[in-house]
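# Inside the fold
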Amino acid sequence: MPRGDEGMIHHRKLDKGSRGIGMTSAGTRGRLVDRLRDHGIRDERVLKAILQVPRHEFVDEALSSRAYEDTALPISNRQTISQPWVVAKMTEALLDGGSPQKILEIGTGSGYQAAILAHLVPQVFTVERIKELLKTARRRFHALGLHNIHTRHADGHLGWPSQAPFDGIIITAAARTLPSELLEQLRPGGLLVLPLEQQGQQRLLALRRSEDGFEETDLGGVTFVPLLSGLE
Ligand code: SAH
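Fair warning: this is a prediction, and the values are worked out from it, not measured in the lab.

So, on to the nonpolar core. Leu36, Ile50 and Tyr112 are the most contacted members of the largest nonpolar core, which has 49 residues in total. Breaking this core down by element, the ones donating at least two residues are helix 2 (26-38), helix 3 (44-52), helix 4 (84-95), helix 5 (112-118), helix 6 (131-143), strand 7 (186-198) and strand 8 (201-210). Beyond its immediate sequence surroundings of up to four residues, Tyr112 is in contact with Ile50, Val53, Arg55, Phe58, Ile81 and Val87. In terms of nonpolar packing, the next biggest core, distinct from the first, is built from 20 residues, Val127, Ala175, Leu182 and Leu205 among them.

This is the structure we're talking about:
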């Protein structure tokens, strides 16, 4: 794991004094951003997006006081909203200092990652296999005025062929093999960022499509729910 637990404990300590009031305020969000910067997130555009998106709107109200801890949290249907550091790291890898115009996300979940991307990229396409999660995420996008996110209820293994090619594709559930249809929907030079399970361990990878294959960067160990087939 690239993220030490000691950081989490530190953040809990920080929050203790403010229990009950201001837990979802811009100040609390600012502390999360400071923490992510301290833990190696360098792209200021990504940090700014994290400052702008109210993560507490993407979890159940009962968990909103924990929304700015740097930890994954449960959402409905046995799924999770990713840890902020992981969202930041994946987003940073996907941008890679450039300005992609069109991104495909597989695994909408709560919608948080898509909302972050919507602040950074003109067009975001996101696919989710669980209808109920997608409905809730769509409501959130609407309420937050994020009109550049296009959603689809489908099995993400198939990508979104009619919108291909994409400048970048991000898979937010752990795959066991590289989904070939998705690789084909990436434009040359584009990046695929995903957690890939290898020998029982999940690694966060960034793959850049080149003329004759893919260049791989390993971004460290992670824990994601599995990429599944079919619809719910
Ligand atoms: N990006 C999400 C993280 C959600 S967890 C967020 O910011 O909250 C992973 C999500 O991937 C789950 O919602 C799960 O239902 C979805 N998923 C798993 N396999 C999928 C598939 N084949 N196609 C589309 N979505 C899938």
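With that settled, consider helix 4. In a regular helix each residue adds 1.5 Å, so twelve residues correspond to 16 Å; helix 4 covers 16 Å between its end C-alpha atoms and thus fits that length. Among the twelve residues in helix 4, twelve count as buried, and that is most of the element. If you check which residues of helix 4 are buried, you get Pro84, Trp85, Val86, Val87, Ala88, Lys89, Met90, Thr91, Glu92, Ala93, Leu94 and Leu95. Just past helix 4, the residue Asp96 takes up positive phi, approximately 45°.

This part is about the environment of Ala49. Take Ala49: it is sitting in helix 3. A relative accessible area of 1% places Ala49 in the buried class. Separated by 171 residues in sequence, Ala49 and Gly220 place their C-alpha atoms 23 Å apart. Non-local contacts of Ala49, meaning those with residues more than four positions away in its chain, are made with Ile116, His119 and Leu120.

For the rest of this paragraph, the subject is the site of the ligand. Near the ligand lie 28 residues; those nearest to it are Glu105, Ser110, Glu128, Gly156 and Leu228. Gly107 places a main-chain nitrogen or oxygen 2.9 Å from a nitrogen atom of the ligand. Contact distances for the ligand include 2.5 Å between a nitrogen atom and a backbone N or O atom of Leu228. About the coverage of the ligand: the protein hides 99% of its 580 Å² of free accessible area.

With that out of the way, let us pick up the pairing of strand 6 (residues 166-171). Extensive coverage of strand 6 is indicated by the burial of six of its six residues. Here strand 3 (residues 102-106) runs beside strand 6; their pairing, made up of four bridges, is parallel. Within strand 6, the position partnered with Ile106 by the bridge is Ile171. Looking at chain direction, strand 6 and strand 7 are connected through four bridges and run parallel. Bridging across to strand 7, Gly168 finds its partner in Leu191.

Analysis parameters
Residues numbered from 1 in each chain as written. Predicted model: local features only at pLDDT ≥ 70, side-chain atom pairs only at ≥ 80, totals over all residues. Heavy atoms only, no water. Core = buried A, V, L, I, M, F, W, Y, C linked by side-chain atoms within 4.5 Å. Buried < 20%, exposed > 50% of the residue type's maximum accessible area, 1.4 Å probe, protein only. Helix = DSSP H or I, 4+ residues; strand = E, 2+ residues; numbered from the N terminus. Contact = heavy atoms within 4.5 Å. Expected span 1.5 Å × (residues − 1). Near = heavy atom within 4 Å. Polar contact = N/O pair within 3.5 Å; in protein donor to acceptor, adjacent residues only side chain to side chain. Areas by Shrake-Rupley, 256 points an atom, 1.4 Å probe, with all protein chains shown as cover. Pairing = 2+ DSSP bridges.

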